[in-house]
Amino acid sequence: MNKAYLGLGTNMGDRLDYINSACEILSNNNNIKITNKSKLYETKAWGYTDQADFLNLCLEIETSLDKYELLKICQDVEQKLNRERIIRWGPRTIDVDILFFNDIILNNENLSLPHPRISERAFVLIPLMDLNQSLLIKGKVISEYLNSLTNEERDEVKEYIGDEKKPI
Ligand code: X6L
Ligand code: MG
Ligand code: MG
């Protein structure tokens, strides 16, 4: 069995619905078991900042799939939920990234593990810390990366509790 961490993000349409649908599609896969879910966060957009706020969460999964099979499944989820790539780093219905796969370190044109930009993004580090505070990137634990962000960066990530119409 392999253990992996996934990062999910959405900033279009019914964001909660996209997050829930992505989790459901993944958990309906017989080769994937979701073993833990982070809290859900509402986060300011990074990269291309002139776009709507995101919902982000991380999943811990067990899977018999290898890393490329899992990547294919993640891309299938994005396709099923009608992700369109118009602007690089732009709005998306759902983004499913493999953050860690066992302790594999790998860098090629299809896949980079651990995900190369985890270490500077509060919207990934904070939910990952809910799941496992001991994850290592380049010999440093993820809490050290989180500590090296500014308060402003951490403040752009807030626990999301839904609204009166759609509580979670
Ligand atoms: C300079 C240039 C500095 C580019 C940063 C950062 C690019 C993040 C892309 C960057 C740069 C990204 C999400 C997001 C995106 C998400 C939130 C990306 C890819 N995905 N913002 N921005 N959540 N809050 O899931 O991560 S686009
Ligand atoms: Mg992605
Ligand atoms: Mg991403």
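What this report covers is the structure whose coordinates are included nearby. Since the structure is predicted, the reported quantities are computational estimates derived from the model, not experimental observations.

## Topic: the coordination of the magnesium ion (ligand 2)
- In this structure, D95 (OD) and D97 (OD) serve as the protein donors to the magnesium ion (ligand 2), at separations of 2.1 to 2.2 Å.
- Taking the relative accessible area as the measure of exposure, D95 reaches 14% and is therefore buried.

## Side note on the site of ligand 1
- Near ligand 1 you find T43, K44, A45, W46, G47, F54, N56, W89, R92, R121 and F123, and these make up its full shell.
- Interatomic distance of 2.7 Å between a side-chain N/O atom of T43 and a nitrogen atom of ligand 1.
- One nitrogen or oxygen atom from the main chain of W46 is found 2.9 Å from a nitrogen atom belonging to ligand 1.
- Here ligand 1 loses 75% of its free accessible area of 560 Å² to cover by the protein chains.
- Residue composition of the shell around ligand 1, by class: five nonpolar, three polar and three charged.

## Thoughts on the coordination of the magnesium ion (ligand 3)
- Within the protein, D95 (OD) and D97 (OD) serve as the donor atoms for the magnesium ion (ligand 3), at 2.1 to 2.2 Å.
- Here the magnesium ion (ligand 3) and the magnesium ion (ligand 2) are spaced 3.6 Å apart, linked through D95, which binds each one.
- For D97, a relative accessible area of 22% translates into the label partly exposed.

## With respect to the environment of I137
- Inspection of the secondary structure assignment puts I137 in strand β8 (residues 136-137).
- Separated by 32 residues in sequence, I137 and I105 have C-alpha atoms that sit 9.3 Å apart.
- Those residues in contact with I137, other than ones at most four positions away along the chain, are F100, I118, S119, I142 and Y145.

## Looking at the pattern of salt bridges
- Across all of its chains, the model carries nine salt bridges by this definition.
- A salt bridge links E60 to K3; its shortest N-O distance comes to 3.4 Å. In this pair, E60 is assigned in strand β4 (residues 54-63) and K3 in strand β1 (residues 2-10), connecting sequence segments 57 residues apart.
- E60 sits in the buried class, given a relative accessible area of 11%.
- R92 is paired through a salt bridge with D95; the nearest N and O atoms lie 3.3 Å apart.
- Among the charged side chains, a network of salt bridges with common partners joins E78, R83, R85, R92 and D95.

## Some remarks on helix α3 (residues 122-131)
- Extensive coverage of α3 is indicated by the burial of nine of its ten residues.
- Residues of α3 that are buried: A122, F123, V124, L125, I126, P127, L128, M129 and L131.

## Quick look at the packing of aromatic side chains
- With the rule as written, the count across this model stands at two aromatic pairs.
- Each ring, one from Y5 and one from F100, has its centre 6.2 Å from the other, and the planes form 85°; the classification is edge-to-face. Remark: F100 occurs in strand β5 (residues 95-101) and Y5 occurs in strand β1; sequence separation between them is 95 residues. Take Y5 and F100: they sit in the same class, and that class is buried.
- Relative to F123, the ring of W46 has its centre 6.2 Å away and its plane inclined at 75°; by these criteria the two rings are edge-to-face. On the criterion of sequence distance, the pair formed by W46 in the loop between β3 (41-43) and β4 and F123 in helix α3 is long-range, its members being 77 residues apart.
- Of the residues examined, W46 reaches a relative accessible area of 25% and is grouped as partly exposed.
- For K140, the ring lying beneath its charged end belongs to Y145, and the centroid distance is 4.8 Å.

What counts and how
Here the residue numbering is sequential within each chain, running from 1 through the sequence in written order. Each chain takes a letter, starting from A, and each ligand takes a number, starting from 1, following the order in which they are written. Reporting in this predicted model follows two pLDDT cut-offs: at least 70 for local features of residues, and 80 or more for side-chain atom pairs to be given and counted; totals over whole chains, interfaces and linings ignore these cut-offs and use all residues. Side-chain metrics rest on all non-hydrogen atoms present in the structure, leaving aside hydrogens and water. As a rule, N, O and S atoms within 2.8 Å of a metal are its donors, except that Na, K and Ca use 3.2 Å; water is not among the atoms, so sites may look incomplete. Buried, partly exposed and exposed residues are distinguished by accessible area as a fraction of the type maximum, computed with a 1.4 Å probe on protein chains only: under 20%, between the cut-offs, and over 50%, respectively. Proximity is defined per residue: any heavy atom of the residue falling within 4 Å of a molecule or strand makes that residue near it. Contacts described as polar in this section are N or O atom pairs within 3.5 Å, which, within protein, must combine one atom able to donate a hydrogen with one able to accept it, while residues neighboring in sequence count only if both atoms come from side chains. Here the open area of atoms and residues is found with the Shrake-Rupley method and a 1.4 Å probe, where only the protein chains shown may cover a residue. Side-chain classes are defined by residue name, with Ala, Val, Leu, Ile, Met, Phe, Trp, Tyr, Cys and Pro counting as nonpolar, Asp, Glu, Lys and Arg as charged, and the others, Gly among them, as polar. A run of DSSP states H or I qualifies as a helix once it reaches four residues; a run of E qualifies as a strand once it reaches two. Both are numbered from the N-terminal end. Any two residues having at least one pair of non-hydrogen atoms within 4.5 Å are treated as being in contact. Salt bridge, as used here, is a side-chain nitrogen of Lys or Arg placed within 4 Å of a carboxyl oxygen of Asp or Glu. Any two of the Phe, Tyr and Trp rings considered here, Trp counted by its six-membered ring, make a pair once their centres fall within 6.5 Å; the pair's planes then place it as stacked at under 30 degrees, edge-to-face at over 60, or tilted in between. Should the NZ of a Lys or the CZ of an Arg lie within 6 Å of a ring centre and within 35 degrees of the ring normal, that charge is described as sitting over the ring.

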